[in-house]
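A look at the structure
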Amino acid sequence: MSFQEFFLLLICLFAASWVYSSIFHTSRTPRTLRGLQQCRETLRASTIASRAAPNQQLVEVFNIDNALTTINKIYHAIWVRRVRDSLKTHDDEWNALAIFASNLRRTLLLSQIRASNDRMVDLPSLVQSLVFRVVLQKFFPGVPQPLEEDVHFITARINALWLATKIHCSQADSNVLELKGQLETRLRKVFQASSMGQISSKANRLNIIIPAYESLWRVVLRCFLEVRFRNQPKKFEEIDYSRIFSRFISHPNPSVFEAPFLGTQISIKHVVNEALRLYPPTRRIHRQLDKETVKIDVEWLHRDPVSWGRDAEAFRPERWEGVLLKDVKGKMAFMPFGLGDLSCPAKKFAPMMIGVLVAALMGGVGEEWEVVDGGVGSDVSRTRVLDGGREVYAGLRLRKVEG
Ligand code: HEM
């Protein structure tokens, strides 16, 4: 082969690999967006079709057919209206939900302590059960509270299905099918012999459970860890989270949620905003644009020192005092509920719900509890920001210190 032929061959190979990667690779591997302006514009310009395409995973794995997956504008509008209606919560209902959550936490904590030989509590599983049951109570009020073993089974299968979608192989596909079947059977058992409450009885229950339960439990877990186990006395000596949350759970209404606690500038809203900033449940928002898929890196934007200062990774609810003003100018790097027409209809409900759930946990897990050292436990006692990943704190355990 002459030098020219060899050179031509190299150019052909290079061109072929470029064509291949631009057709297959870049269209499959989403491009990450981190420019604040670009992210805001992309979200504001989004159509339901640009969101439905990357959300097909939800259809494949959970058979979801809701506002997040449809390309039908009428169906989308009906869905969002239904969800908005079911999210309306008056003060009496908040009160009832707060009492329900506190009683539930008491029962769950006791049964976990009794069931374990070493009197330890598995925190993620406690939080998952609490959140799942409160979501049932709120959105499916006609459904009797399930057995703990059913809740554990369902939440574990939901988790396993999310994880299985990350692995692309036939082994994973058959695994997904099996998990799906198990999840459907157990959900049918839990929902049988009851009306579906506020959501149509023909709908897949996961249409509501997935957006509500999945987004709430992870941020509730991290918010609770921050306020109960990571409150650094030297920096935050003036914040007594126990008292702030105890006041809120006695009067869980929007005005107490926003009111600064006596002697501080901190409100529950500030604490929850800070948790949603550092630990946004939707860490990345995907969109299918004309030629490529992009992912808006919400978690990165929320921790960017350019927007949030050198202590961007520190949990400091008091930063919300001044920062809220910036949002008025529409410049804030804060989008836990997305932005624009397709943003989350629960953006007012969910922060209150997080406040109630964290308060319920704070009421039962006081200073006499400690995180068990070693493994994931040691990560919690460090000052650096907690990991936002789904599985990182699986198995995190608490122990009651003998007095
Ligand atoms: C901490 C709690 C929550 C967070 C962080 C959250 C986050 C989000 C985000 C980021 C989006 C926009 C997704 C996108 O642009 O592609 C969204 C949309 C949506 N969320 Fe939530 N969500 C939460 C709770 C809930 C709850 C409790 C419900 C209802 C039961 C809910 C129902 C929905 C629905 C129906 C949409 C689609 C809205 C539309 O298409 O107009 N979310 N959520």
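Quick notes on the rules
Residues numbered from 1 in each chain as written. Predicted model: local features only at pLDDT ≥ 70, side-chain atom pairs only at ≥ 80, totals over all residues. Heavy atoms only, no water. Buried < 20%, exposed > 50% of the residue type's maximum accessible area, 1.4 Å probe, protein only. Helix = DSSP H or I, 4+ residues; strand = E, 2+ residues; numbered from the N terminus. Arc of directions from axis to C-beta. Pairing = 2+ DSSP bridges. Axes fitted to C-alpha atoms, helices over the stretch in contact; angles between N-to-C directions. 1 Å grid on protein atoms, 1.4 Å probe; cavity = no way out; pocket = protein on both sides within 12 Å on 5 of 7 lines; lining within 4 Å. Points joined across faces, edges and corners; volume = space filled by probe spheres on them. Nonpolar A, V, L, I, M, F, W, Y, C, P; charged D, E, K, R; others polar. Near = heavy atom within 4 Å. Polar contact = N/O pair within 3.5 Å; in protein donor to acceptor, adjacent residues only side chain to side chain. pLDDT = per-residue confidence, 0-100. Contact = heavy atoms within 4.5 Å. Phe/Tyr/Trp six-rings, centres within 6.5 Å; stacked < 30°, edge-to-face > 60°. Lys NZ or Arg CZ within 6 Å of the ring centre and 35° of its normal. Core = buried A, V, L, I, M, F, W, Y, C linked by side-chain atoms within 4.5 Å.

1. Considering helix 2 (residues 36–44)
- The complete set of buried residues in helix 2 reads Cys39, Arg40, Thr42 and Leu43. The buried side chains of helix 2 occupy one side of the element, clustering within an arc of 165° when seen end-on.

2. Here's the deal with the sheet that holds strand 3 (residues 284–288)
- Spatially, the 3 strands line up as an open sheet ordered 1-4-3, and their pairing is mixed. Each edge of the open sheet carries a strand with a single partner, namely strand 1 (31–33) and strand 3. Going across the sheet, the axis of each strand differs from the next one's by a mean of 30°, ignoring polarity.
- As paired strands, strand 3 and strand 4 (residues 293–297) are joined by 5 bridges and run antiparallel to one another. Within the sheet, the bridge partner assigned to Gln288 lies in strand 4 and is Thr293.

3. Some words on the layout of surface pockets
- Taken as a whole, the second largest pocket holds about 820 Å³ of empty space.
- Elements supplying a minimum of two residues to the lining of the second largest pocket: helix 2, helix 5 (73–87), helix 12 (254–258), helix 13 (268–278), helix 16 (320–328) and helix 17 (349–364).
- Across the lining of the second largest pocket, the residue classes break down as 17 nonpolar, 5 polar and 8 charged.

4. A closer look at the site of the ligand
- Taken together, the neighbourhood of the ligand is formed by 27 residues, with Arg51, His76, Ser215, Arg287 and Cys344 sitting nearest.
- The separation between an oxygen atom of the ligand and a polar side-chain atom of Arg51 is 2.4 Å.
- Within the contact set of the ligand, an oxygen atom lies 2.7 Å away from a side-chain nitrogen or oxygen of Arg287.
- Looking at the shell around the ligand, the elements with two or more residues in it are helix 5, helix 10 (206–229), strand 3 and helix 17.
- Counting residues per element, the shell around the ligand draws most heavily on helix 10, which supplies 5 residues.
- Among the residues forming the shell around the ligand, the class breakdown is 19 nonpolar, 5 polar and 3 charged.

5. With respect to the confidence of the model for the protein chain
- Averaged over all residues, the pLDDT of the protein chain equals 87, while 85% of them reach at least 70.
- Counting contacts from residues 19–27, a segment whose pLDDT is below 50, to residues more than four positions away or on other chains yields 4 contacts.
- In this model, residues 196–201 is a region of pLDDT below 50 whose contacts with residues beyond four sequence positions or in other chains number 20 contacts.

6. Notes on the packing of aromatic side chains
- Counting across every chain of the model gives 9 aromatic pairs.
- When the ring centre of Phe153 is taken as reference, the NZ or CZ atom of Arg157 above it lies at 3.9 Å.
- When the ring centre of Phe153 is taken as origin, the NZ or CZ atom of Arg186, which lies over that ring, is 3.8 Å away.

7. A short note on the sheet that holds strand 5 (residues 369–371)
- Strand order in the open sheet formed by 3 strands is 2-6-5, with antiparallel pairing between adjacent strands. The open sheet has two edge strands with one neighbour each: strand 2 (120–122) and strand 5. Averaged over all pairs of adjacent strands, the angle between their axes in this sheet comes to 30°, without regard to strand direction.
- As defined by bridge partners, strand 5 adjoins strand 6 (residues 397–400) across 3 bridges and the pair is classed as antiparallel. Residue pairing across strands places Trp369 opposite Lys400, the latter belonging to strand 6.
- Each of strand 2 and strand 5 touches helix 6 (residues 91–115); the most contacted strand, strand 2, lies at about 120° to it.
- Helix 7 (residues 123–139) contacts strand 2 and strand 6 of the sheet and is inclined by roughly 55° relative to strand 2.

8. Regarding the nonpolar core
- With 115 residues, the main nonpolar core has Phe62 and Ile158 as its most contacted residues.
- The element contributing the most residues to this core is helix 10, with 16 residues.
- Setting aside chain neighbours within four positions, we find Phe62 in contact with Gln57, Ile158, Leu161, Trp162, Leu183, Asn204, Leu206 and Ile210.

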